[in-house]
Number of protein chains: 2
Amino acid sequence: MTTTYPTPKAIAAPSLPLIRQVVPVQFTYDVHFTTGLFELNNPLLAQVIAADGEVGPKRMIVVVDSGVLQCHDKLLEQVAAYANYHHDILTLSTDAIAVPGGEIAKNQPEWVDQLHQVINTAGICRHSYVMAIGGGALLDMVGYAAATAHRGVRLIRVPTTVLSQDDSAVGVKNGINAFGKKNFLGTFAPPYAVLNDFSFLTTLDDRDWRSGMAEAVKVALIKDAEFYRLIETHAHALANRDMAAMQQLIYRCAQLHLDHIAYNGDPFEMGSARPLDFGHWAAHKLEHLTGYNLRHGEAVAIGIALDSTYAYLSGLLSQSEWQRILKTLQMLGFTLYVKELGDYLDQPRHPQSIFKGLTEFQEHLGGELSVTLLSEIGKGVEVHQVNLSLYQQAILIMQEMFESVN
Amino acid sequence: MTTTYPTPKAIAAPSLPLIRQVVPVQFTYDVHFTTGLFELNNPLLAQVIAADGEVGPKRMIVVVDSGVLQCHDKLLEQVAAYANYHHDILTLSTDAIAVPGGEIAKNQPEWVDQLHQVINTAGICRHSYVMAIGGGALLDMVGYAAATAHRGVRLIRVPTTVLSQDDSAVGVKNGINAFGKKNFLGTFAPPYAVLNDFSFLTTLDDRDWRSGMAEAVKVALIKDAEFYRLIETHAHALANRDMAAMQQLIYRCAQLHLDHIAYNGDPFEMGSARPLDFGHWAAHKLEHLTGYNLRHGEAVAIGIALDSTYAYLSGLLSQSEWQRILKTLQMLGFTLYVKELGDYLDQPRHPQSIFKGLTEFQEHLGGELSVTLLSEIGKGVEVHQVNLSLYQQAILIMQEMFESVN
């Protein structure tokens, strides 16, 4: 062995031109809307699997949110009966795996390890299926496990909450938390299919029913004034669990979300802008600061209120539109102030200051700071600098308006 | 909470059409060829980073194969001096991390965890860089860690072996081993750039110099008869470490590999065919059966010889071309028989039978069995069924021809 590092002169001068590699990849998946997905007379799931055109039956494992099982105690029997009924199309390779839902699923990397083991022992290959039934956090965790086994096995998402049906489960991301940071680990990996079953919504508790609407308000505010007016008009019905109104909200929100991913030119987020993250820098931090006592959508509602107030104070947004936004969020039943928003207001670098969320947000996305604000209802704008004292003022205004409401 | 699962009749009949989501993603990266990458007067690395057009300096962490450091004991100083010289463009966020190279890097998931920790503490974001310097196994492991942190931070691969420069490091995959299976965990994740520095080849031991040529023989056999003749003609020079011949081999092999990924229509391998895996079903199994005493390229050479012999026996390939293939592999210095190839020949389902590799290969790819054979030099063909007794015969022929040679 030699220990000298050869100088360029030691060997032939390089005369080989660079090779520029361009890899086009196209992902296609369908988002379906149904009720009673596992009723024997509902052909959807069987059709989705048979549509792969390959020789069946295909192997499948099922991972289910244990919170869902509490409300639907016959669910696993139904899934087994469905698989049995369609035994020429699909085979359950093992018993279903129940995993606690909510953020806890994303805070315990052991679940990912365990799913990898099950995928291995059940002989799940890149043409087999993992079906995940649950809320967004569970789907994120299972999606990460599925995306990294065999470099990606097929994932069928069955979201069971408003939030996951209208937002997280229709997208191309997965992830778990690490080092106290949300989604520190994850990949971009489109699902094989998304099956939105409205039946699951009937058993949601009020907080879960409500919190998913925050993402609909968000996407309406940055992209679609007409959709915003629809939500505003039906806010009372939505708060009172009107299913028809909710189905329309979920459908339009999912559609806007999907359109954004497909047409914004950066589905895998290689740039720095992320307009869909309106209200999210504060929301992510608030979730963490409250020990995840706030649900994601509840935190997003506060984040929307904060960034709308800041947009108003900085002269971007009119006073009347700012007030319409706060009113709609309140009519939907959202709490718009929590103590953690105001803690360490004068110490923006304190780990427990909301403003630390700005730095963490920038670091997660990478590149320059890019925060989405509003210039009017239906129109998001990107800014790359923020004025912390205006943000402090916005928080004080929110405290005055909403602290006593809680 | 209710425990009845609502029937479809309980709520409004679904009347919402499915949404078909089509997500086009385009990845672009450059593969460069140079010598003396870290010489201060070599602008390549600085240019590659400055070309991102973002405000610098950009953060970078360096992960290096400890085997490379043994031969290049000034390497880390050089990298540090280079970063210092270009401090307006890049900043090393921590000391370089040395990791054992070879398959051991892929067999210890702790390395991935550790790199995630370093990426976190060093504040590496999606616009920062992880530079990995080493052989293919190390690059695979670092690539997996980089692809899963923040859903993918920028990876610059600096492959240091023939095998990684001409094959693995120019592609879109990463991975580590789990459950005794090669690449059980991994993702598809194109690198940010690949910097092939020929200087590193001068210190390779003879086995590493040689083994990487197996992938060039492979891709020539299935795609490019002219390239095959070039290798055949220069086999003696290549075996005797002629650098000019090696540079041409690496360049053309990398080019064919890149073209295949870009133009075959399935860069992320959603189908079942994987023509570049000619000779690989047996190679993967042999690596495992020999406890990774065989290097990947050495195993691939045996796999090529086996599948060529089988192609000849099954009437696909002419006798003269079969013999030319074996002769070239021998001239390049490859050993074409190991004991593990013939173990449990009559027990194809035995875990230590080479034939178990066929099942594992199918499972990893998913879908139907798809094995690439040759109809002539330069032309691969896919088959979906194999005749085990012909394969047994092929192994016995190889045993007779090559066992005594070792």
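It should be emphasised that the depicted structure is a prediction, and the values quoted were computed from it without experimental measurement. (Residues numbered from 1 in each chain as written. Chains lettered and ligands numbered in written order. Predicted model: local features only at pLDDT ≥ 70, side-chain atom pairs only at ≥ 80, totals over all residues. Heavy atoms only, no water.)

A word on the relation of the copies chain B and chain A
Move 1: Superposition of chain B onto chain A requires a rotation of 180° combined with a translation of 0.0 Å along the rotation axis, giving an RMSD of 0.0 Å. Read as a symmetry element, the transformation amounts to a two-fold axis. Across chain B, the smallest distance between a C-alpha and the rotation axis is recorded for V25(B), namely 2.7 Å.
Move 2: Here 100% of the interface residues in chain B have copies in chain A that are interface residues too; the copies meet face to matching face. (Least-squares fit on C-alpha atoms with pLDDT ≥ 70 in both. Contact = heavy atoms within 4.5 Å.)

Let's talk about the nonpolar core
A general feature of soluble globular proteins is that nonpolar side chains tend to end up buried together.
Move 1: Judged by nonpolar contacts, the single largest core of 173 residues is most densely connected at W281(A), L341(A), W281(B) and L341(B).
Move 2: Contact partners of W281(B), with chain neighbours within four places excluded, come to L306(B), D307(B), I354(B), F355(B), G357(B), L358(B), F361(B), V371(B) and Y391(B).
Move 3: Of all hydrophobic cores here, the second largest spans 58 residues; its members include V99(A), V130(A), A169(A) and V153(B). (Core = buried A, V, L, I, M, F, W, Y, C linked by side-chain atoms within 4.5 Å. Buried < 20%, exposed > 50% of the residue type's maximum accessible area, 1.4 Å probe, protein only.)

What to know about the domain arrangement of chain A
Many descriptions give the size of an interface as the accessible area lost when the pieces come together.
All names here are of chain A.
Move 1: According to the domain assignment, chain A contains domain 1 (30-204) and domain 2 (208-257 + 271-402).
Move 2: Here the C-alpha centroids of domain 1 and domain 2 sit 29 Å apart.
Move 3: Across the contact, 21 residues belong to domain 1 and 26 residues belong to domain 2.
Move 4: Together, the buried faces of domain 1 and domain 2 total about 2000 Å²; carbon and sulfur atoms form 66% of this surface.
Move 5: Area buried by domain 1 at its contact with domain 2 is led by L163, D166 and K182, which between them contribute 28% of it.
Move 6: Scanning the region where domain 1 abuts domain 2 turns up two salt bridges. (Domains from an automatic or database assignment. Buried area = accessible area lost by both parts, 1.4 Å probe. Salt bridge = Lys/Arg side-chain N within 4 Å of Asp/Glu carboxyl O.)

Quick word on the interface of chain B and chain A
Move 1: Tallying the contact residues gives 93 residues for chain B and 93 residues for chain A.
Move 2: Interface area, chain B with chain A, both sides summed: about 8900 Å², of which 59% is carbon and sulfur.
Move 3: Between the two partners, chain B and chain A, sit two salt bridges.
Move 4: Summed over the shared surface of chain B and chain A, the result is 29 residue pairs in polar contact (both at pLDDT 80 or more).
Move 5: Secondary structure elements with two or more residues in the side of chain B that touches chain A: β1 (19-34), α2 (66-71), α3 (75-85), α5 (109-121), α6 (136-148), β8 (181-185), α12 (243-263) and α17 (356-365) of chain B.
Move 6: Per-element tally for the side of chain B that touches chain A: the top contributor is β1(B), with 16 residues.
Move 7: Its residues placed into classes, the side of chain B that touches chain A shows 44 nonpolar, 36 polar and 13 charged. (Polar contact = N/O pair within 3.5 Å; in protein donor to acceptor, adjacent residues only side chain to side chain. Helix = DSSP H or I, 4+ residues; strand = E, 2+ residues; numbered from the N terminus. Nonpolar A, V, L, I, M, F, W, Y, C, P; charged D, E, K, R; others polar.)

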